[in-house]
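For reference, the chains in residue letters:
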Amino acid sequence: KIAETKAIAEESFLYSQIKEIVENCYDIGKIEEIYEIFGGYVNRSFGLYTVKDGERQTWFFRKYMRHKDMNELMLEHKLLTYAKQQGFTRGAVPEPGKDGNTFYSLEQKMEDGSVETWYFAVYNFIEGRATYDWINNMMPQYTYESVAELLAELHNAVRDFDPETYERAESRCDGLMKEFPDVFRGYSKTYADNGYDNCYTQFFASKLDYIEEMCKKAYIPEEDLKQMPVCPLQCDFHPGNVKYDRNGYVTGIYDFDWAKMDIRLFEFGLGMVYFFASWDADNDGEIYLDRIVNFVNVYNKRLRELGGLAPIGELEKKYFYELPLMGNMYLVRWCSEAYYKDMELNPYEYFYYMRHQVKSIKWMEDNEAKIREVLATIE
């Protein structure tokens, strides 16, 4: 009963924050309804119905994670605004408030008595269905192709984006592969130091040597890295961050708060693991290579039609083995970091995630020759 009362109080407080921000800072009318959108692991998201001049409108509202980095927030908002200016119409774009700002803040008193600043923003609402997520990722071929065209249009629109002084607070993908082994060992040590001994922590500790070994295989020589196209990446490119119409075609993409500047190929390294690695028990971790080839071919075809950003070329194709390895390592980092930040999370759930990533890495190691051969057929 106490827990239920607390939850109701927290929801009431949060809804009052949303109402205060929206009705004081934006010119989008009065709030008629608020509902929470579940599924994210970092920020809190809501759908809003507002009424202005008798017209009902739908918006997406975000309360950013605790201690949100302002450089990352500014990069995300500038990038999405720029993409829209360049004609990309299928992104969730931050809505300017009455004073032109695209985000606002409130001071919030925490349970320990301290006061913290939290950030909020309103975005246009992308119509469509959240049909898939990063585990339920099996789609019809035409849906994958629709996603590939979307990605090509996004990358093409933002190819000349200038991030100015704003950047994501992490290294580029090549640097991460060198940092990760020490980072992972630090997480594992912290688990042990805090007395957490469970199926997840035991499995992760047992795989650290192997993960370090495979990080070294996910390496691109500096002379080749420097020649690869760099552009803004959504950097959380998975089926759950895309919406679809009732026929399975893409309506838009959202959730850019991990956006960063990096080699274009890293979007594929991470995205292809998300979209094409099986979670089925009988072939968990296997990556469907033929689907990747078709996806990249559709992406390249769309870029040729647009005539701006160059398609995936021979140099990038050369490293289509290393990049999904990087993508897997990136998700190992996400999983281990999430548990590091909150060791009260369900260890069985995170064991399930981590085991999947390690299985995918092992499948790639066992099938390296086949992967290189198949992906070399990209047109």
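Here the structure is shown first, and the text comes after it.
Remember, it's a predicted structure, so these values are computed and weren't measured experimentally.

J.: So what exactly am I meant to see when it comes to the nonpolar core here?
T.: Across soluble globular proteins, nonpolar side chains have a tendency to be buried as a group. Among the nonpolar cores identified, the biggest contains 110 residues, and F204, I263, F266, F268, F295, Y299 and F320 are the most heavily contacted of them. Examining the composition of this core, we find that eleven residues originate from one element, helix α11 (residues 322–341), more than from any other. Non-local contacts of F268, meaning those with residues more than four positions away in its chain, are made with L151, H155, V273, F295, V296, Y299, I312 and F320. Counting residues in each nonpolar core, the second largest holds 19 residues, with I18, L48, Y104 and F120 among its members.

J.: Can you walk me through the sheet that holds strand β4 (residues 104–109) in this structure?
T.: Spatial strand order, β1-β2-β3-β5-β4: five strands in an open sheet with antiparallel pairing. Each edge of the sheet is formed by a strand with only one pairing partner; in this case those strands are β1 (30–37) and β4. Sheet twist, expressed as the average angle between the axes of neighbouring strands with direction ignored, equals 30 degrees. Where β1 meets strand β2 (residues 44–52), seven bridges bridge the pair, whose relative direction is antiparallel. By the bridge assignment for β2, E33 is matched with Y49.

J.: What exactly am I supposed to notice about the side chain of T201 here?
T.: Considering the arrangement of structural elements, one finds T201 in helix α5 (residues 199–206). T201 gets classed as buried once you look at its relative accessible area, which sits at 6%. One polar contact links the side chain of T201 to the main-chain amide nitrogen of N198, over a distance of 2.9 Å.

J.: Hey, could you run me through the pattern of salt bridges in this one?
T.: Oppositely charged side chains are able to pair whenever their charged atoms sit close together. Summed over the entire model, instances satisfying the criterion amount to 32 salt bridges. Among the salt bridges present, the one from E23 reaches K19, with a minimum N-O distance of 3.0 Å. Separated by four residues within a single helix, E23 and K19 lie in helix α1 (residues 2–25), roughly one turn from each other. On the accessibility criterion, E23 (16% relative accessible area) is buried. One salt bridge connects E337 with K341, and the closest N-O pair in it is separated by 3.9 Å.

J.: Please explain the state of the cysteines as it appears in this structure.
T.: In a disulfide, the sulfur atoms of two cysteines are held together by a covalent bond. The full count for this structure, using the stated rule, is zero disulfides. Here C231 is not disulfide-linked; the sulfur of C235 is the nearest cysteine sulfur, at 11 Å.

J.: How do you make sense of the packing of aromatic side chains when you look at a structure like this?
T.: Scanning all chains against the criterion turns up 41 aromatic pairs. A centroid spacing of 6.1 Å and a plane angle of 85 degrees characterise the contact between Y15 and F46, whose relative ring orientation is edge-to-face. In this pair, Y15 sits in helix α1 while F46 sits in strand β2, placing the two residues 31 residues apart along the sequence. Summarising the aromatic geometry, the rings of F276 and F295 are spaced 5.8 Å apart at their centres and angled 75 degrees between planes, so their arrangement reads as edge-to-face. Of this pair, F276 sits in helix α8 (residues 264–276) while F295 sits in helix α9 (residues 289–306), and the two are 19 residues apart along the sequence. Side by side, F276 and F295 carry an identical accessibility label, which is buried. Directly above the ring of W118 sits K63, whose terminal nitrogen or CZ lies 4.4 Å from the centroid. Sitting over the face of the ring of Y288, R291 holds its NZ or CZ atom 4.2 Å from the ring centroid.

J.: Help me understand unusual backbone geometry, please; the structure alone is not making it clear to me.
T.: Across residues other than glycine, the phi torsion is negative in most instances, and most of the peptide bonds are trans. At D53, a residue that is not glycine, the phi angle is positive and equals roughly 50 degrees. Within the fold, D53 resides in the loop between β2 and β3 (55–63). Taking relative accessible area as the criterion, D53 reaches 77% and is therefore assigned exposed.

J.: I tried to follow the side chain of E322 on my own but got confused; where do I start?
T.: Relative to the elements of secondary structure, E322 occurs in helix α11. What makes E322 buried here is its relative accessible area of 7%. In this view, E322 contacts K217, A218, Y219 and R372; residues no more than four positions away in its chain are not counted.

The rules behind the values
Residues numbered from 1 in each chain as written. Predicted model: local features only at pLDDT ≥ 70, side-chain atom pairs only at ≥ 80, totals over all residues. Heavy atoms only, no water. Core = buried A, V, L, I, M, F, W, Y, C linked by side-chain atoms within 4.5 Å. Buried < 20%, exposed > 50% of the residue type's maximum accessible area, 1.4 Å probe, protein only. Helix = DSSP H or I, 4+ residues; strand = E, 2+ residues; numbered from the N terminus. Contact = heavy atoms within 4.5 Å. Pairing = 2+ DSSP bridges. Axes fitted to C-alpha atoms, helices over the stretch in contact; angles between N-to-C directions. Polar contact = N/O pair within 3.5 Å; in protein donor to acceptor, adjacent residues only side chain to side chain. Salt bridge = Lys/Arg side-chain N within 4 Å of Asp/Glu carboxyl O. Disulfide = S-S within 2.5 Å. Phe/Tyr/Trp six-rings, centres within 6.5 Å; stacked < 30°, edge-to-face > 60°. Lys NZ or Arg CZ within 6 Å of the ring centre and 35° of its normal.

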